[in-house]
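Descriptive structure summary
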Amino acid sequence: MINNAWLIPVFPAIAFLIIVFLTRRVQLLSALVGIVAIGTSFIMSIGVLREVLVNGISMENPVEYAFTWLGIPGYLKIEAGVLIDPLTAVMLFVVTLVAFLVNIYSVGYMHGEPGFSSFFSYLALFGASMLGLILANNYFMIFFFWELVGLCSYLLIGFYYHKHSAARAGLKAFVTNRVADFGFMLGFFILFAIFGTFNFRELATAIPNYQDTAFLAIAATLVFVGPIGKSAQFPLHVWLPDAMEGPTPVSALIHAATMVAAGVYLLARAFVLFASLPTVMLIVAYVGGFTAFFAATIAITQSDIKRILAYSTLSQLGYMVMAMGVGSMTAGMFHLMTHAFFKALLFLGAGSIIHALEEQDIFRMGGIYKDMKVTVSTFIIASLALCGVPPLAGFWSKDEILAGALNHGFTGLYVLGTVVAFLTSLYMFRLIFIAFFGKRRAGLHGHESPFTMTLPLLILAVLSIVSGFVGAPFVSHGFSSLVYYGEPHHVVPNYGVMGISVLVALAGIFVAWVLYGRPSDVPTKIKHRFPFIYNLLVNKYYIDEVYMWLFRRVILGVSYILNWHDRHVVDGIFDGVGRLTRASGHKLRYIQTGNLQTYALVIFSAVVIITLWIATPVFGGMLQ
Amino acid sequence: MNFPILTAIMLAPVFGLLIILAIPAREHLTIKITAAVSTFVSLVLAIYAYVKYDYANGGMQFLQDISWVPSFGINYSVGVDGISVPLVLLTAIVIFTGVFASWDMTNRVKEFFVFLLLLVAGVFGVFISRDLFFFYLFFEVAVIPMYLLIGVWGSTRKEYAAMKLTLYLLVGSALALIGIIALFLYAANQLGYPTFDIQTLATVNYDIGFQKFVFFLMLLGFGVLVPIWPFHLWSPDGHVAAPTAVSMLHAGVLMKLGGYGLIRAGVFLFPEGAKYWAPLIAVLCIVNVVYGAMIAMVQRDLKFVIGYSSVSHMGYVLLGIASLNVLSINGAVSQMFAHGIMTALFFTVVGNIYHKAHTREIARFGGLAHQMPRLASAFIIAGLGSLGLPGLNNFVSEFLIFMGSFTHQQAIFGGLITFRTLSILAISGIVITATYVLRVAMKTFFGPRKPEWDYLKDAHGVEMVPIAILVGTLILFGLLPSLQIDVINSGVAPLVAKIEAAKAIGGIF
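Fair warning: this is a prediction, and the values are worked out from it, not measured in the lab.

1. Concerning the overall build of chain B
Helices and strands together make up the secondary structure of chain B, namely 19 helices and 4 strands. Taken over C-alpha atoms, the radius of gyration comes to 22 Å for chain B, in line with the 23 Å a tight globule of 509 residues would show. Taking the principal axes of the C-alpha coordinates as reference, chain B spans close to 70 × 60 × 40 Å. Looking at chain B as a whole, 70% of its 509 residues are labelled buried. For chain B, long-range pairs separated by at least 24 residues make up 81% of all intrachain contacts whose partners lie at least 6 apart in sequence. Of the roughly 14600 Å² that chain B leaves accessible, carbon and sulfur atoms contribute 67%. One way to put it: in chain B the 27 positive side-chain charges average out to a point 7 Å from where the 22 negative ones average out.

This is the structure:
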């Protein structure tokens, strides 16, 4: 199966072509093609994972095969290749599983949309690109697919292109990611300039022997700019909340579970580069930790259900990046996996609610738990998993990150991470109490979604409960002996960390209940007591405004000046030369019309004269 | 190889135009079909030549020599190498699709196609000439019809634009002519016999001072055509004024004559001169890239956007040439091809919209994807090509140029900066490009449906032919770039070997 692993992205790619060229007009057939393709990829990914486990393929002895995609002998060799180690296998499994479920869910969610077939074709293209990214054995190829998943994200965010907001959000996502990719590209250019290869394994052997760590640190920092964009870390996080303009299944698949995690995956893939550079690791850790905290504070004040989840995603991605930065690659990847399941579930649940109510503002919902029992109960399971309530998935993975920070001496980040855990429970249960319980708002008619939508919810709910056990301390040969950097290790339970994080999570839920679980005017009072902080948070720290100002006033301003300069100064000079020629012509009565023949004659005469000048031996010497 | 395939490629449009001259002017369809058939012959032969070109051996192939004026050493000698054969293919694709893009032409159809075919014969001639005299002759043949094509069939300020374009190009070609004559005289003196054969001219050992002087003339002469800043203004004005097919040829092919001339008659003949002037080219091309892209961002007319985007993208070609190494020059040639196809696609789409809507003002559009989904997709694909998305040809080209210039460590301005600094500035162009291309796409095609445009019909039937061919070409070479780079590299490798064998010489800065 591993030798055929290159086929995993090929199936969705073929599905894309089939939908675009053949089945476009038959909607359900398009959906079927998409589902069958990603389903096949899922089955193959299970096969790959099984072989990795059975054949003992580890991080040190992966399987790799490649062919030269573009070569210039002696100067450049770019491979298209496949690298399979446990990291790849786990990612393949997670991505194909979530993508498969989201494809099924979309049949119900997108029912009756005019762009139904296009939607499935984009999903298939995304699947192919994302799986290609995971399998990549070198920086070039990961960049290639990195850009393509970005394209799919752009197309799907702007799916409802008749809405200005959706079109703008797509543009914003693409351009923000471009800024990041600019850095990423420079980063691996430096690596190529130093080592002459893009290949991950060749670099892994070469990097530890390289002495000029300052130069390498620049390269690593630039490479990290890529994940800052793709995984929406501060200060390039601004695109992800706006990306919620896309259809909700897309938010679940691309903007929560898989694509945005690609940045974290890249950090894991390139871990040898970062691990050798403590300064860069510090940057990574603090960018991640700060994003986790920063996004969580915004989430508390938002009222759009998808935006709350989006800021939650930012915050959780911050956790993962922080885990990478403190050196716990295993913990970061573990959290990536559990997060993929419960966050996809949260988004799909939100989609189910939006589908039923056609409403996204949590303050206009309320009391819907009676109508949508499956949706609401699975949503609560996912929330508990996110908050880190044992024994659900998020508990184990988040705990490992916090323990990792503490063990590697990042006490400050550990405290910050614990505060974020409190904020997480607070904003999640604020959402739940306001939207699901309490008084039912007038005019709302909730109903449970169709089977194609609830089935994926149920499956993901099971995964949100059990998937944490693969990395739990009481499991021998668990996640940490599979995906690791350096040595396989066994997780030693740190009961202190566990206890505190459970208490903090429960405290967050309790505070949310006090504030929002029953009629209370405390939230309003807090709002009026601290207007500055409230406005800062509800306006997302005004970062969007600052960026818009920079773009409108500075970049466009300079562009207008340049345009004026081009049209008046540069053009003016040349037109002036022309007019001068014509004017002097008038005076000399040689040229009266300024027509082309006259000009041509002038030019030709000039050529003849200059040529004669060059040809004359006396002056010919002057040339030398 | 007895069949003179290159001459046939060049003469097919000439035959076409002779037949068209014999067709009554009101037989529009017959004229168009004749033009399509003759350019199709060129296309088929060009594909054949491209596929049959033996890149493992490289060098000039499909040779043909006819003695012309022996006393001056002028021969009609043609052949293609790895640098010119993709450009011949490019020209064939662009003219064939250009004929289809002019299918709805109704004004003086006969004369239009006569001049169009004459122009393209000239372009083919430039790319296949091994003789500098014919190279220059064909060059002029390509420039002159442009004046009429824009002046008669153009739109916005057409007389002004046509005059401007022609003057710029004539002044440019006059400078190149001076360089060519100086070169001819110098070489005749050294060799003891007159010749215009480029290969022979390349064997002459030119004095450094002479190289500096003549390369500068070539740089000005061909640079105007590329167009190099600040001699670029003929190009946006010309693009805007020209009818669709002419814009396609103009941006798709004519600008490449500049890049090609700079490589063939500049770098190849005067490697030391090239080394001396390279820093100047590199600095100016950064202006092209960044300045062009920023100006493109604030244009109101769709064609001006594309016009300035061409200024910006051709800056990458100049950067590739200025970096003077294998990767970068491969990238430059590949970029000429990719940009030609991509920009032809842009003009096809915009021309189609303009023909139906009678305006190109971006602010008046919005939501056109509702009425014209195919054109919207084609525009976005062209845009993705232009911003360098992997999977399309332009990505490969730009990537090679960036890699080449990034790894080029030559210091400029007394070590204050290196080529790497300039390359970083150039790479920042990908961000600006993405911004303006997608903003224009958004403003034109996305947003609510505007009922005033409901009468617009999407591209269909014959209008889809150019779109399908151009998109297919971009994707083909984007996914399988070795089909392109293997060929190009067979021409670039000897060129770079010559550059590396040349004396090390400091740059102007």
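2. Observations regarding the overall build of chain A
Secondary structure assignment for chain A yields 25 helices and 2 strands. By principal-axis analysis of the C-alpha atoms, chain A measures approximately 95 × 60 × 55 Å. The proportion of buried residues among the 624 residues of chain A is 60%. Put simply, of all contacts in chain A between residues at least 6 apart along the chain, 79% involve residues at least 24 apart. Approximately 24000 Å² of chain A is accessible, and the part contributed by carbon and sulfur atoms is 69%. Measuring between centres, the 34 positive side-chain charges of chain A sit 11 Å from its 27 negative side-chain charges.

3. Details of the nonpolar core
Among the nonpolar cores identified, the biggest contains 458 residues, and A:Tyr139, A:Phe198, A:Leu273, A:Phe274, A:Met333 and B:Phe399 are the most heavily contacted of them. A total of 19 residues in this core trace back to one element, the largest contributor, which is helix H15 (residues 329-357) of chain A. In this view, A:Leu273 contacts A:Tyr139, A:Leu191, A:Ile207, A:Leu216, A:Ala220 and A:Val223; residues no more than four positions away in its chain are not counted.

4. Here's the deal with the environment of A:Glu64
Residue and element names in this part refer to chain A. As for its placement among the helices and strands, glutamate 64 is situated in strand S1 (residues 63-72). Remark: the alpha-carbon pair of glutamate 64 and valine 82, spanning 18 residues in sequence, is separated by 5.5 Å. One polar contact links glutamate 64 to asparagine 199, side chain to side chain, over a distance of 2.8 Å. Reaching out from glutamate 64, the side chain makes a polar contact with the side chain of arginine 201 at a distance of 3.0 Å.

5. Observations regarding the interface of chain A and chain B
Contact residues are listed per partner, giving 63 residues for chain A and 78 residues for chain B. At the boundary of chain A with chain B, total buried surface from both sides reaches about 6100 Å², with 79% on carbon and sulfur atoms. In this assembly, chain A and chain B are joined by 2 salt bridges. A salt bridge links B:Lys164 to A:Asp571; its shortest N-O distance comes to 2.6 Å. Where chain A touches chain B, the interface holds 13 residue pairs in polar contact (both at pLDDT 80 or more). Counting residues per element, the ones that place at least two in the side of chain A that touches chain B are S1, strand S2 (76-84), helix H5 (139-157), helix H6 (164-195), helix H23 (543-588) and helix H24 (596-615) of chain A. Among the elements that make up the side of chain A that touches chain B, the one with the highest residue count is H6(A) (16 residues). Partitioned by chemical class, the residues of the side of chain A that touches chain B number 46 nonpolar, 10 polar and 7 charged.

6. A few points about the environment of B:His28
All names here are of chain B. Tracing the sequence through the fold places histidine 28 in helix H2 (residues 28-52). Given a relative accessible area of 27%, histidine 28 falls into the partly exposed group. Expressed as a C-alpha distance, the spacing of histidine 28 and valine 109, which sit 81 residues apart in the sequence, is 6.4 Å. For histidine 28, the residues in contact, after removing those within four places along its chain, are Met105, Thr106 and Val109.

7. Brief notes about the confidence of the model for chain A
Across chain A, pLDDT averages 88, with 94% of residues at or above 70. This stretch, residues 618-624 of chain A, has a pLDDT under 50; its non-local contacts, to residues over four places away or in other chains, come to 8 contacts.

8. Side note on the pairing of strand S1 (residues 61-69) of chain B
All names here are of chain B. The pairing of S1 with strand S2 (residues 74-80) spans 6 bridges and is classified as antiparallel. Note that in S2 the partner of isoleucine 66 across the bridge is tyrosine 76. Once S1 ends, the chain turns through 4 residues before running back antiparallel as S2, passing glycine 73 with a positive phi of about 70°.

9. What about the side chain of B:Ser334?
Structurally, B:Ser334 can be placed in helix H13 (residues 326-357). Contact partners of B:Ser334, with chain neighbours within four places excluded, come to B:Asn393, B:Ser397, B:Gln484, B:Ile485 and B:Ile488.

10. Considering the pattern of salt bridges
Per the counting criterion, the structure on display carries 20 salt bridges over all chains. A:Arg364 serves as the salt-bridge partner of A:Glu359, at 3.5 Å between the closest nitrogen and oxygen. Classification of A:Glu359 by relative accessible area gives buried; the value is 17%. For B:Arg264, the salt bridge goes to B:Asp81, with nearest N and O atoms at 2.8 Å. Taken together, the positions of B:Arg264 in helix H10 (residues 244-267) and B:Asp81 in the loop between S2 and helix H3 (84-101) put the pair 183 residues apart, joining distant regions of the chain.

11. A closer look at a positive patch on the surface
Together, A:Arg168, A:Arg552, A:Arg553 and B:Lys443 make up a region of like positive charge exposed at the surface. In this structure, A:Arg553 sits in helix H23.

12. Considering helix H17 (residues 419-445) of chain B
Residue and element names in this part refer to chain B. End to end, H17 covers 39 Å across 27 residues, agreeing with the expected 39 Å (1.5 Å per residue, within 8%). Where burial is concerned, most of H17 is hidden: 23 out of the 27 residues are buried. Of the residues trailing H17, glycine 447 is marked for its positive phi of about 100°.

13. Examining the confidence of the model for chain B
Any segment with low pLDDT has predicted coordinates that should not be analysed in fine detail. Of all residues in chain B, 100% have pLDDT values of 70 or greater, and the mean over the chain is 90. For this predicted complex, the interface score ipTM comes out at 0.93, alongside a pTM of 0.92.

14. Structural notes on helix H12 (residues 302-323) of chain B
Residues and elements named next belong to chain B. Given a rise of 1.5 Å per residue, 22 residues ought to cover 32 Å, and the 32 Å separating the end C-alpha atoms of H12 matches this to within 8%. Most of H12 is tucked away, with 22 of its 22 residues classed as buried. By the N-cap criterion, in which a side-chain oxygen at the helix start approaches the backbone nitrogen of a residue two or three places on, H12 is capped by aspartate 301, the distance to lysine 303 being 2.7 Å. Within two residues after H12, leucine 324 carries a phi angle of roughly 55°, on the positive side.

15. Some remarks on a nonpolar patch on the surface
A cluster of nonpolar side chains, contributed by A:Val546, A:Trp549, A:Leu550, A:Val554, A:Ile555 and A:Val558, occupies part of the molecular surface with about 490 Å² of accessible area. The residue A:Trp549 is located in helix H23 in this model.

16. Re the pairing of S1(A)
Residue and element names in this part refer to chain A. Pairing of S1 with S2, which is carried by 9 bridges, proceeds in the antiparallel orientation. Within the sheet, the bridge partner assigned to leucine 70 lies in S2 and is isoleucine 78. Connecting the antiparallel pair S1 and S2 is a turn made up of 3 residues, with glycine 74 showing a positive phi of about 90°.

17. Remarks on unusual backbone geometry
Between A:Pro390 and the following residue, A:Pro391, the backbone shows a cis peptide bond with an omega angle of 5°. By secondary structure assignment, the location of A:Pro391 is in the loop between helix H16 (373-387) and helix H17 (393-407). With an omega dihedral of 5°, the bond running from B:Val226 to B:Pro227 counts as a cis peptide bond. A positive phi angle is found at A:Tyr541, which is not glycine, with a value near 60°. Checked against the element boundaries, A:Tyr541 lands in the loop between helix H22 (531-538) and H23. Overall, the relative accessible area of 25% leaves A:Tyr541 in the partly exposed class. Backbone geometry places A:Tyr542, a non-glycine residue, at a positive phi of 60°. With respect to the helices and strands, A:Tyr542 occurs in the loop between H22 and H23. A relative accessible area of 34% means that A:Tyr542 is categorised as partly exposed.

Cut-offs and rules
- Residues numbered from 1 in each chain as written.
- Chains lettered and ligands numbered in written order.
- Predicted model: local features only at pLDDT ≥ 70, side-chain atom pairs only at ≥ 80, totals over all residues.
- Heavy atoms only, no water.
- Helix = DSSP H or I, 4+ residues; strand = E, 2+ residues; numbered from the N terminus.
- Rg over C-alpha atoms; globule rule 2.2 N^0.38 Å.
- Buried < 20%, exposed > 50% of the residue type's maximum accessible area, 1.4 Å probe, protein only.
- Contact = heavy atoms within 4.5 Å.
- Areas by Shrake-Rupley, 256 points an atom, 1.4 Å probe, with all protein chains shown as cover.
- Lys, Arg positive; Asp, Glu negative; His and termini not counted.
- Charge placed at Lys NZ, Arg CZ, Asp CG, Glu CD.
- Core = buried A, V, L, I, M, F, W, Y, C linked by side-chain atoms within 4.5 Å.
- Polar contact = N/O pair within 3.5 Å; in protein donor to acceptor, adjacent residues only side chain to side chain.
- Buried area = accessible area lost by both parts, 1.4 Å probe.
- Salt bridge = Lys/Arg side-chain N within 4 Å of Asp/Glu carboxyl O.
- Nonpolar A, V, L, I, M, F, W, Y, C, P; charged D, E, K, R; others polar.
- pLDDT = per-residue confidence, 0-100.
- Pairing = 2+ DSSP bridges.
- Patch = residues over 30% accessible without salt bridge, like charges linked within 9 Å, V, L, I, M, F, W, Y side chains within 5 Å.
- Expected span 1.5 Å × (residues − 1).

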